[in-house]
Amino acid sequence: MPEIIFNGPEGRLEGRYVQKPTEGKPMAMILHPLPQLGGNMNNPVTYQLYQTFLNRGFTVLRFNFRGVGKSQGTFDHGVGELSDAASALDWLQSFNPDAKQCWLAGYSFGAWIGMQLLMRRPEINGFISISPPANLHDFSFLAPCPSSGLVVHGDEDKIVDTDSVGKMVERLQSQKGIEITYKNIAGANHFYNDHMDVLDKTVNDYLDERLAVPESPSIEVISPPEEDASRDE
């Protein structure tokens, strides 16, 4: 997985990037959890999301927010990190101008940043939001949510309570024109310890549905009526 360095609002940002050789391939960007609690682009959930999209033929980027790893700058409580994400998406699009789809996936703090970016970038076709911290941050900006997506949460999460996520999803599901799928994983905590396989299956099942190519409708070929040979010229 090639290491990359690209320019962000406060200096260089470090990432990992794989570009598929075929033009028009879909692309995805993955956002990691809270840096102050050790979150980075190599977090197990973040890495698994990265691999999921790679395995489906996507061009994929994951990167470290400012102040994490080799990324320059300091933690900015979400404001600067949103700018980092916008710059990263700009960079990704500059190398994939013909991408047929653009997806965003984030975990915890990364889910919060991702949902904010979603509101600002109409080119994003779908999102995966893992354990969005609805009890810690205001998600009222999702009015209306511009794209369909998946929200996943563990019912044993002691950091983000189930009620707050459920209420957020309920608000989103009341909107017309989009479809929000909500999956609550029984027994899973905020870190999905011993439940990574269930999380992986949940995400892949959703992508199977969203990315399925619809069957072409059968077309009945009707031959023109034969001309009556006995008709007078």
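As the structure is a computational prediction, the values presented were derived from the model and not from experiment. (Residues numbered from 1 in each chain as written. Predicted model: local features only at pLDDT ≥ 70, side-chain atom pairs only at ≥ 80, totals over all residues. Heavy atoms only, no water.)

## Observations regarding the UniProt feature "domain: Xaa-Pro dipeptidyl-peptidase-like" (unreviewed entry) in the chain
Then comes step 1: With numbering aligned to this structure, UniProt lists the feature "domain: Xaa-Pro dipeptidyl-peptidase-like" (unreviewed entry) at residues 20-138.
Then comes step 2: Taken end to end, residues 20-138 is 34% helix and 18% strand, and its two terminal C-alpha atoms sit 36 Å from one another. (UniProt positions renumbered as here; feature names shortened; annotations may be inferred. Helix = DSSP H or I, 4+ residues; strand = E, 2+ residues; numbered from the N terminus.)

## Some thoughts on unusual backbone geometry
Then comes step 1: In this model, A143 is joined to P144 through a cis peptide bond whose omega is -5°.
Then comes step 2: Topologically, P144 is positioned in the loop between β6 (126-130) and β7 (149-154).
Then comes step 3: Positive phi is not limited to glycine here, since Y192 has a value of about 60°.
Then comes step 4: Its location among the elements puts Y192 in the loop between β8 (180-185) and α5 (196-211).
Then comes step 5: Of the residues examined, Y192 reaches a relative accessible area of 0% and is grouped as buried. (Buried < 20%, exposed > 50% of the residue type's maximum accessible area, 1.4 Å probe, protein only.)

## Here we look at the environment of K183
Then comes step 1: By the secondary structure assignment, K183 is in strand β8.
Then comes step 2: On the basis of relative accessibility, which here comes to 43%, the residue K183 falls in the partly exposed class.
Then comes step 3: For K183 and V152, which are 31 residues apart along the polypeptide, the C-alpha to C-alpha distance reads 4.9 Å.
Then comes step 4: Ignoring any residue separated from it by four or fewer positions in sequence, one finds K183 in contact with L150, V151, V152, H153 and T202. (Contact = heavy atoms within 4.5 Å.)

## Regarding the packing of helix α2 (residues 79-95) against helix α3 (residues 109-120)
Then comes step 1: Where α2 contacts α3, the two axes come as close as 10 Å, and the packing angle between them is 60°. Viewed along their axes, α2 and α3 adopt a mutual orientation that is oblique. When the axes of α2 and α3 are compared, the crossing they make is right-handed. Where α2 approaches α3, its residues E81, L82, A85, A86 and L89 are matched on the opposing element by F109, I113, Q116, L117 and R120.
Then comes step 2: Here the contact of α2 with α3 is built from residues that sort into seven nonpolar, one polar and two charged. (Axes fitted to C-alpha atoms, helices over the stretch in contact; angles between N-to-C directions. Parallel < 35°, antiparallel > 145°, perpendicular 65-115°, else oblique. Left-handed = near helix turned anticlockwise from the far one by under 90°. Nonpolar A, V, L, I, M, F, W, Y, C, P; charged D, E, K, R; others polar.)

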